[in-house]
Amino acid sequence: MSSLIQASQDKQRAPMNRTLTLDGEDRARLAPRILQQLPSEPLSTPPIGTIRGDCLKVAKFLPQDFVDLLILDPPYNLNKSFNGRKFSRRTVDEYAIWLDEVVCTLKPLLKKTASIYICGDWLSSASIFTVASSHFVVQNRITWEREKGRGAKSNWKNSSEDIWFCTMSEDYTFNVDSVKLRRKVIAPYRNGDGTPKDWEATKEGNFRDTHPSNIWTDITIPFWSMPENTDHPTQKSEKSIAKLILASTNSGGFVLDPFLGSGTTSVVAKKLGRKYLGIELDEEYSLLAEKRLEIAEFEPEIQGFSDGVFWERNTLATQQKGISNNAKSNREQLPLLNF
């Protein structure tokens, strides 16, 4: 029995806890949807769905030049256990060598117009820039705030992480109007005639839609009362991944996540009408991803994203009415993974 299954069975959860778990019926139903055995020959067309395996091995069986967006969220350079699989902290140079092997293996899968986002913390970012700048055009570094942070008694509390924005070339997609942030207006300036100046008055308050910056303070890390939450130790929020997908792909674009975890990238890509492929080494996380994809069929909302804009943390008047009409119209029914 995996450590995640045992922990899920042993853990006593509060009645309001919405953390997504798996039972025996889930595992039996979802297991056939996951590819666990690689084909004998490289594929001519990319599959859609979840592959369980080592991305360095799986990539060799995938066609070249099919990915519009690569979201690379590898283990950070720290000691961490992923359902019993341990990743050990390395020197900055050693981590860079490991990451370079990952990038070199995945790079042939990317279109010449593809975008790449690489996630990391303060330490792994040193290696990320070294590797990314040797393969891609580094466009920017996004820093997002962990609203609680990791406690520390003899150091500054770590309360931020980075996402490096890279592209294969200077020819790439960036839909700036799709990722605007709706902010509360504290000092509402008015025109001479008294009308709002660059803001809108609503019954919930005064708001302004702003262009996205590389500092994100509106991200909530999934926790027990959020329906997207799982027991994965480093789960990204759907809101953060939605920003990347909306900005850097168009409807029908192909998104690849080779370190899928519990499935956030694939789930968001499905909700937003993109094709997706996730690769995950752990069986339990792969099953969680498939369960979340199943739920996305009838629950397409993305918390914190409504009316075509992203809302600041704790400012969305109603908890979540649904994704924008535009995203709904773009969402398409995609086939299960097959070869």
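Residues numbered from 1 in each chain as written. Predicted model: local features only at pLDDT ≥ 70, side-chain atom pairs only at ≥ 80, totals over all residues. Heavy atoms only, no water.

1. Looking at the overall build of the chain
Across its full length, the chain holds nine helices and 15 strands. When the 339 residues of the chain are sorted by exposure, 48% land in the buried category. The contacts of the chain with a sequence gap of at least 6 include a subset with a gap of at least 24, amounting to 69%. Approximately 16,500 Å² of the chain is accessible, and the part contributed by carbon and sulfur atoms is 49%. (Helix = DSSP H or I, 4+ residues; strand = E, 2+ residues; numbered from the N terminus. Buried < 20%, exposed > 50% of the residue type's maximum accessible area, 1.4 Å probe, protein only. Contact = heavy atoms within 4.5 Å. Areas by Shrake-Rupley, 256 points an atom, 1.4 Å probe, with all protein chains shown as cover.)

2. Section: a nonpolar patch on the surface
A cluster of nonpolar side chains, contributed by Met16, Phe223 and Trp224, occupies part of the molecular surface with about 340 Å² of accessible area. Along the chain, Met16 falls in the loop between α1 (3-10) and α2 (24-30). By relative accessible area, which is 63% here, Met16 ends up exposed. (Patch = residues over 30% accessible without salt bridge, like charges linked within 9 Å, V, L, I, M, F, W, Y side chains within 5 Å. Salt bridge = Lys/Arg side-chain N within 4 Å of Asp/Glu carboxyl O.)

3. Here's the deal with the nonpolar core
Counting 75 residues, the largest nonpolar core has Leu72 and Ile245 as the members making the most contacts within it. In terms of residue count, the dominant contributor to this core is helix α4 (residues 92-106) (seven residues). (Core = buried A, V, L, I, M, F, W, Y, C linked by side-chain atoms within 4.5 Å.)

4. Considerations on the pairing of strand β7 (residues 158-167)
With seven of 10 residues buried, β7 lies mostly within the body of the structure. One ladder, built from six bridges, connects strand β5 (residues 110-120) with β7; its direction is antiparallel. Note that in β7 the partner of Ile116 across the bridge is Cys166. (Pairing = 2+ DSSP bridges.)

5. What about the sheet that holds strand β8 (residues 181-184)?
Within the open sheet, the five strands sit side by side as β9-β10-β8-β15-β14. Their pairing is mixed. Every other strand in the sheet has two partners, leaving β9 (200-202) and β14 (305-306) as the edge strands with one partner each. In this sheet, strand β15 (residues 309-311) lies alongside β8 in parallel orientation, the contact comprising two bridges. Directly across from Leu181, in β15, lies its bridge partner Phe310. Strands in contact with helix α6 (residues 238-248) are β14 and β15; relative to β15, the strand with the most contacts, it is inclined by about 155°. (Axes fitted to C-alpha atoms, helices over the stretch in contact; angles between N-to-C directions.)

6. Overview of the pattern of salt bridges
For the structure on display, the rule yields 20 salt bridges. Across the pair Glu294 and Arg33 runs a salt bridge whose closest N-O atoms are separated by 3.1 Å. Linking Glu294 in helix α8 (residues 283-296) with Arg33 in the loop between α2 and β1 (49-52), this pair joins segments that are 261 residues apart in sequence. Among the residues examined, Arg33 registers a relative accessible area of 25% and is labelled partly exposed. Among the ionic pairs, Lys180 bridges to Asp177, the shortest N-O distance being 3.7 Å. Judged by relative accessible area, which is 52%, Asp177 ranks as exposed. When salt bridges that share partners are traced, they join Glu25, Asp26, Arg29, Arg33, Lys291 and Glu294 into one network.

7. Digging into the pairing of strand β2 (residues 67-72)
Counting buried residues in β2 gives six out of six residues, a clear majority hidden from the surface. When β2 meets strand β12 (residues 254-257), the two strands line up parallel, connected through two bridges. From the neighbouring strand, Leu69 faces β12, where its bridge partner is Val255.

8. Side note on the side chain of Arg292
Here Arg292 lies in helix α8. Side chain to side chain, Arg292 and Glu238 meet in a polar contact 3.1 Å long. Apart from the residues lying within four places of it in its own chain, the contact partners of Arg292 are Leu20, Glu228, Thr230, Gln235, Glu238, Ser262, Gly263, Thr264 and Val267. (Polar contact = N/O pair within 3.5 Å; in protein donor to acceptor, adjacent residues only side chain to side chain.)

9. What to know about the environment of Tyr276
In this fold, Tyr276 is placed in strand β13 (residues 275-280). Using a relative accessible area of 5% as the deciding quantity, one classes Tyr276 as buried. Residues Tyr276 and Pro47 lie 229 residues apart in sequence; the distance between their C-alpha atoms is 8.3 Å.

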